[in-house]
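Coordinate analysis (summary)
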Amino acid sequence: MELPLLVALREDGSLDPALAPALQNEDLLVLFRNMLLLRALDEKAINLQRSGRIGFYVPCTGQEAMEIGSGFALKEGDWIFPSYRDHGVALLRGYPLATLVGQLFGNASDAMKGRQMPNHWCDRSINLVSVSSPVATQLPQAVGAAYAAKLRGEKVAAIVYFGDGGSSTGAFHVAMNFAGVYRTPTVFFCGNNQYAISLPVSRQTASDSIARKADAYGFEGVRVDGNDVLAVTKVTRDALARAREGGGPTLIEAVTYRMGPHSTSDDPTRYRSEEEIAEWAKRDPVRRFTEYLQKAGVVDGVEAANRAEEAREEVLRAVKECEGAPPVPPESLVEDVYAEMPWHLIEQRKWLPHAEE
Amino acid sequence: MPVMTLIQAINAALSGEMERNPAVVLLGEDIGNSGGVFRATEGLWERFGPERVMDTPLAEAGILGMAIGMALNGLRPVAEIQFADFIYPAFDQIVSELAKFRYRSAGQFPAPVVIRAPSGGGIGGGLYHSQSPEAYFVHTAGLTVVMPSTPADGKGLLVSAMRSPDPVIFLEPKALYRTAKGEVPEGEYDVPLGKAHTVREGTDVSVISYGAMVPVAEGAAAEAEKEGVSVEITDLRTLWPLDVEAVDRSVQKTGRAVVLHEAPRTCGFGAELATLVQERSFLHLKAPVARVTGFDTPFPYALEKIYLPDVRRTLDAVRGAVNF
Ligand SMILES: Cc1ncc(C[n+]2csc(CCOP(=O)(O)OP(=O)(O)O)c2C)c(N)n1
Ligand SMILES: [Mg+2]
């Protein structure tokens, strides 16, 4: 039997009380603010890339609800193992917008010294682990981090993000198995956005859902409407709470849609139709939540529009702050390879262009 | 002869051989409907169908394991690894299995798989879209490692790879995919594996290189010429098994050798080349063999241009050899 899709925010704008998290208006506004910020950031970053001001970008447009809802469910001390598409979680957890934008520029304003491509950020102070491009490598690592917390008796969990494509890797199955065997406080959060670059999920797996795969590893899998920020918050909160209390891992499949390209290098018109995009646009998570907030009287139309404008201005300010920074210094090329620089890297500094002058 | 880019030449090699040999099957991520992220397989899915141009789930170990099984049972699989950087999940299948099948079965189970992988830097790809992993594979007995630097070689070498009795790691210098343009013979055309190519004759210094560093060597040779230094350039084309005679010939003529690659220096393929030159041509040498390579660091994003060997660093090494 197919796993049910959990929805709190129904199509008609009403709420299913069983699946709505207990949230105050101020919480709702935090969710709203971050979703708007994320949307605004994606819009601006795509423009920056198109005009050659940054090299590359991975948008998460269409996936704001799963990003922000799951991020909101986390508590201080929890560990986050993101993929390249999870800047929403970073923002929600307090990663400064300007640090995030600085990473896109890969200049001196990049806290990671321009080492990685855009979208590969991290922040030790909030347990936001460094993003890797190779898909799904972070999954077993999240099991290890969760195990360490459990060993020390800490009531924290580790959440790990990956996509539908990532669920095909060996690392996914290894991680699920280890998490099941050691009952680690790990939440596997799969953003099923229907595509792995050009491959639709129907050709990624013959299973009727990804959540179902948890069964084989001895723990629960749930499918949630990934465009419903309230249901995502609730389901992730429950899974994290269970993990922190020793109840073991959970696999969450957030069913969503990547409304934009895979990355700025991708041309999605090659593999999907206008009709399909239009169909999912009706379920745009930002619009859906905006309409709900208006209906619930949390914001009115004018205020919603103002807040969207404020988000865009905030992004512009961050861009202004970062874009003019100087390039990263060439010497940083050979730093951080080892804790202490070995002789051969000291010698290789002589190859740097300025070294001769 | 038509003028093609390297990526077009790769496409031509694949389509020509698929046309001629129904056993050739392609498999990889995004190679079907969308024609591959670099468009190497553009049009092939439409032409040969999804059974011969397989869009696989995201799992390199699966791609390689599957390719090996296909090869054992009579097909000629050509696996695409989207970026050479993502070959590591398949490392076990390549190193433990693919490379050793012939040996461990005393020749009963050869596994002629071709693995195509875009390699090297030059596209702003940072740590994971820029690596040059050739040394791992040269180090693994049983594998043939090939890297073209021109469109004609791209076509001819890939055709030979698809006909090789042994597994071939076919590394494509992605920096040259669209920048390398040249005449490519039409129809059936092959370039033998294991044969280097003298790109430029010279008398003072031999630069030995391959892939995307060949144009860098040419740039350095042109500069050196202005200084009265004559550089000979050998494009290895097949890294292993090496055309060692071509290397001997060139170095014994000039008496000086510079090996040039963008992969990191330590235990890079250049280390093997330098040793071979030293062992085989010692008495001809007028200067130590010089290496121009990438740094012994992960491949950086912002400092890519500094990381990659360029004309400046190559020319320095050439001058160093001449003035030793
Ligand atoms: C091991 C590995 N193979 C291939 C790639 C190239 N690649 C980057 S993203 C991607 C698709 C990932 O799809 P999915 O897991 O669904 O995540 P999404 O991008 O949709 O968020 C591929 C094939 C990679 N990064 N790592
Ligand atoms: Mg996906």
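Residues numbered from 1 in each chain as written. Chains lettered and ligands numbered in written order. Predicted model: local features only at pLDDT ≥ 70, side-chain atom pairs only at ≥ 80, totals over all residues. Heavy atoms only, no water.

1. Remarks on the packing of helix H1 (residues 25-50) of chain A against helix H10 (residues 301-323) of chain A
Two measures define how a pair of helices packs: the angle their axes make with one another and the distance between the axes. Residue and element names in this part refer to chain A. Convention followed: The angle between two axes is taken between their N-to-C directions and runs from 0 to 180 degrees, where each axis is a line fitted to C-alpha atoms and a helix contributes only its stretch in contact. Only runs of H or I of at least four residues qualify as helices and only runs of E of at least two qualify as strands under DSSP, and these elements are numbered from the N terminus. Reported orientations rely on four angle classes, namely roughly parallel under 35 degrees, roughly antiparallel over 145, roughly perpendicular from 65 to 115, and oblique for the rest. Here a crossing is taken to be left-handed if its near helix is turned anticlockwise relative to the far helix by less than a right angle, and right-handed if that turn runs clockwise. Any two residues whose heavy atoms approach within 4.5 Å at even a single point are treated as in contact. Classification convention: Asp, Glu, Lys, Arg as charged; Ala, Val, Leu, Ile, Met, Phe, Trp, Tyr, Cys, Pro as nonpolar; all other residues, Gly among them, as polar.
Here H1 crosses H10 at 50°, and the two axes come no closer than 8 Å. The pairing of H1 with H10 is recorded here as oblique in orientation. Judged by the sense of rotation from one axis to the other, the crossing of H1 with H10 is right-handed. Across the interface between the two elements, Leu 29, Phe 32, Arg 33, Leu 36, Leu 37, Ala 40, Leu 41, Glu 43, Lys 44 and Leu 48 from H1 touch Ala 304, Arg 307, Ala 308, Ala 311, Arg 312, Glu 314, Val 315, Leu 316 and Val 319 from H10. A breakdown of the residues in the contact of H1 with H10 according to their chemical character gives 13 nonpolar, no polar and six charged.

2. Considerations on the interface of chain B and chain A
The condition is simple: Once two parts are put together, the accessible area they lose, assessed with a 1.4 Å probe and summed over both, is termed the buried area. Polar contacts, as used here, are pairs of N or O atoms within 3.5 Å; protein pairs need one atom able to donate a hydrogen and one able to accept it. Residues neighboring in sequence count only if both atoms are side-chain atoms.
Taken together, the 37 residues of chain B in the interface contact 39 residues of chain A. Counting the surface chain B buries against chain A, the share from its top three residues, Leu58(B), Phe295(B) and Tyr301(B), is 21%. Between the two partners, chain B and chain A, sit eight residue pairs in polar contact (both at pLDDT 80 or more). Take the side of chain B that touches chain A: its biggest share by element is three residues, from helix H12 (residues 311-322) of chain B. Of the residues belonging to the side of chain B that touches chain A, the class tally is 16 nonpolar, twelve polar and nine charged.

3. A word on unusual backbone geometry
Cut-off, in case you're wondering: The cut-offs for exposure are 20% and 50% of the maximum accessible area for each residue type, with area from a 1.4 Å probe on protein chains only; residues under the lower value are buried, those over the upper are exposed, and the others partly exposed.
Here the amide bond leading from Trp240(B) into Pro241(B) is cis, since omega sits at -10°, within 30 degrees of zero. In the Ramachandran plot, Lys113(A) falls in the positive-phi region, its phi being about 60° despite a non-glycine side chain. Inspection of the secondary structure assignment puts Lys113(A) in the loop between helix H4 (97-105) and helix H5 (138-151). A positive phi angle, near 65°, is found at Asp30(B), a position not held by glycine. With respect to the helices, strands and loops of the structure, Asp30(B) is situated in the loop between strand E2 (24-28) and helix H2 (44-48). Residue class for Asp30(B) comes out buried when judged on its relative accessible area of 5%.

4. Digging into the site of ligand 1
To keep things clear, this is the line we draw: Throughout, near means a residue has at least one heavy atom within 4 Å of the molecule or strand. Throughout, the Shrake-Rupley method with a 1.4 Å probe supplies accessible areas, and for residues the shown protein chains are the sole cover considered.
Around ligand 1, the surrounding shell holds 19 residues, and the nearest of these are Tyr84(A), Arg85(A), Gly165(A), Gly166(A) and Glu60(B). Neighbouring residues of ligand 1 are distributed over chains A and B. In the environment of ligand 1, a nitrogen atom lies 3.0 Å from a nitrogen or oxygen atom belonging to the backbone of Val135(A). One of the side-chain N or O atoms of Glu60(B) is found 2.5 Å from a nitrogen atom in ligand 1. For ligand 1, whose accessible area on its own is 580 Å², the fraction buried by protein is 95%. Classifying every residue of the shell around ligand 1 by side-chain character gives eight nonpolar, seven polar and four charged.

5. Some points on the environment of Pro89(B)
All names here are of chain B. One can find Pro 89 in the loop between strand E4 (76-80) and helix H4 (91-97). Residues Pro 89 and Asp 55, 34 residues apart in the sequence, show an inter-C-alpha distance of 18 Å. Once residues within four sequence positions are removed from consideration, Pro 89 is found in contact with Glu 60 and Ala 61.

6. Considering the coordination of the magnesium ion (ligand 2)
Residues and elements named next belong to chain A. This is how the line gets drawn: Here the coordinating atoms are restricted to nitrogen, oxygen and sulfur within 2.8 Å of the metal centre, or 3.2 Å for Na, K and Ca, and because water is not among them the sites may look incomplete.
Protein coordination at the magnesium ion (ligand 2): the donors are Asp 164 (OD), Asn 193 (OD1) and Tyr 195 (O), at 2.0 to 2.1 Å from the metal. Each donor residue of the magnesium ion (ligand 2) belongs to the same chain, with the gaps between them written as D-x28-N-x1-Y. On the criterion of sequence distance, the pair formed by Asp 164 in the loop between strand E3 (158-163) and helix H6 (170-182) and Tyr 195 in strand E5 (residues 195-196) is long-range, its members being 31 residues apart. Tyr 195 carries the same exposure label as Asp 164, and that label is buried.

7. Overview of the packing of aromatic side chains
Residues and elements named next belong to chain A. Here is the rule we go by: Stacked, tilted and edge-to-face are the three classes assigned to paired rings of Phe, Tyr and Trp, where Trp is represented by its six-membered ring and a pair needs centres within 6.5 Å; plane angles under 30 degrees give stacked, over 60 edge-to-face, the rest tilted. Only when the NZ of Lys or the CZ of Arg is both within 6 Å of the ring centre and within 35 degrees of the ring normal is a charge said to sit over the ring.
Applying the stated rule across the entire model yields 23 aromatic pairs over all chains. On the numbers, 6.2 Å between centres and 15° between planes, the contact of Phe 289 with Tyr 292 is stacked. Here Phe 289 and its partner Tyr 292 are both found in helix H9 (residues 285-295), three residues apart, which amounts to about one turn of the helix. Take Phe 289 and Tyr 292: they sit in the same class, and that class is buried. The structure contains a cluster of three or more aromatic residues connected by ring pairs, namely Tyr 195, Tyr 257, Tyr 271 and Trp 280. Across the ring face of Tyr 195, the terminal group of Arg 272 is positioned such that the distance to the ring centre comes to 5.5 Å. The ring of Trp 280 is capped by Arg 283, whose NZ or CZ atom sits 4.2 Å from the centre of that ring.

8. Focus: the domain arrangement of chain B
Residue and element names in this part refer to chain B. How we decide: Source of the domain bounds: an automatic or database domain assignment. The salt bridge criterion pairs a side-chain nitrogen of Lys or Arg with a carboxyl oxygen of Asp or Glu, the two atoms within 4 Å.
Along its sequence, chain B is organised into domain 1 (3-183) and domain 2 (197-322). Every contact between the two is made by 25 residues of domain 1 and, on the other side, 23 residues of domain 2. In total, domain 1 and domain 2 occlude about 1,800 Å² of area from one another, counting both sides; carbon and sulfur atoms represent 62% of this. Three residues, Glu 134, Val 138 and Met 147, lead the burial of domain 1 against domain 2; their summed loss comes to 25% of the area buried on that side. For the interface between domain 1 and domain 2, the tally reads one salt bridge.

9. Observations regarding the pairing of E2(B)
Residue and element names in this part refer to chain B. Let me state the cut-off plainly: A pair of strands is considered paired only if DSSP assigns at least 2 bridges between the two.
Of all the five residues making up E2, five are buried; the element is thus mostly covered by neighbouring parts of the structure. Burial along E2 is two-sided: the residues Val 24, Leu 26 and Gly 28 and Val 25 and Leu 27 are all buried. The sheet contact formed by E2 and E4 spans five bridges and is parallel. Residue Val 24 lies in a different strand from E4, and its bridge partner there is Arg 76. Judged from the three bridges that link them, E2 and strand E3 (residues 53-55) form a sheet pairing that is parallel. Note on E3: the bridge partner recorded for Gly 28 is Asp 55.

10. Examining the domain arrangement of chain A
Residues and elements named next belong to chain A. If you check the domain split of chain A, you get domain 1 (5-326) and domain 2 (328-357). Computed from C-alpha atoms alone, the centre-to-centre distance between domain 1 and domain 2 is 37 Å. Contacts between the two partners involve seven residues from domain 1, matched on the other side by four residues from domain 2. Both faces combined, the contact of domain 1 with domain 2 buries some 400 Å², and carbon together with sulfur accounts for 38% of it. Applying the counting rule to domain 1 against domain 2 returns three salt bridges. Residue Arg 115 is joined to Asp 336 by a salt bridge in which the shortest nitrogen-to-oxygen separation is 2.7 Å. Taken together, the residues of the side of domain 1 that touches domain 2 break down into two nonpolar, three polar and two charged.

11. Let's talk about the environment of Ser132(B)
Residues and elements named next belong to chain B. Within the secondary structure, Ser 132 is located in the loop between strand E5 (114-119) and helix H6 (134-138). Along the backbone, Ser 132 and Gly 120 are twelve residues apart, and their C-alpha atoms lie at a distance of 4.8 Å. In this view, Ser 132 contacts Ser 119, Gly 120, Glu 262 and Ala 263; residues no more than four positions away in its chain are not counted.

12. A look at the sheet that holds strand E10 (residues 205-209) of chain B
Residues and elements named next belong to chain B. Taken in spatial order, the five strands of this open sheet run E9-E11-E10-E13-E14, and their pairing is mixed. In this open sheet, the two edge strands, each paired with only one partner strand, are strand E9 (197-200) and strand E14 (290-294). Averaged over all neighbouring strand pairs, the angle between strand axes comes to 25°, with direction disregarded. Pairing analysis gives three bridges linking E10 to strand E13 (residues 257-264), with the strands arranged parallel. Considered in E13, the bridge of Val 207 is made with Val 258. Relative to E13, helix H10 (residues 269-281) is tilted by about 160°, and along the sheet it contacts E10, E13 and E14.

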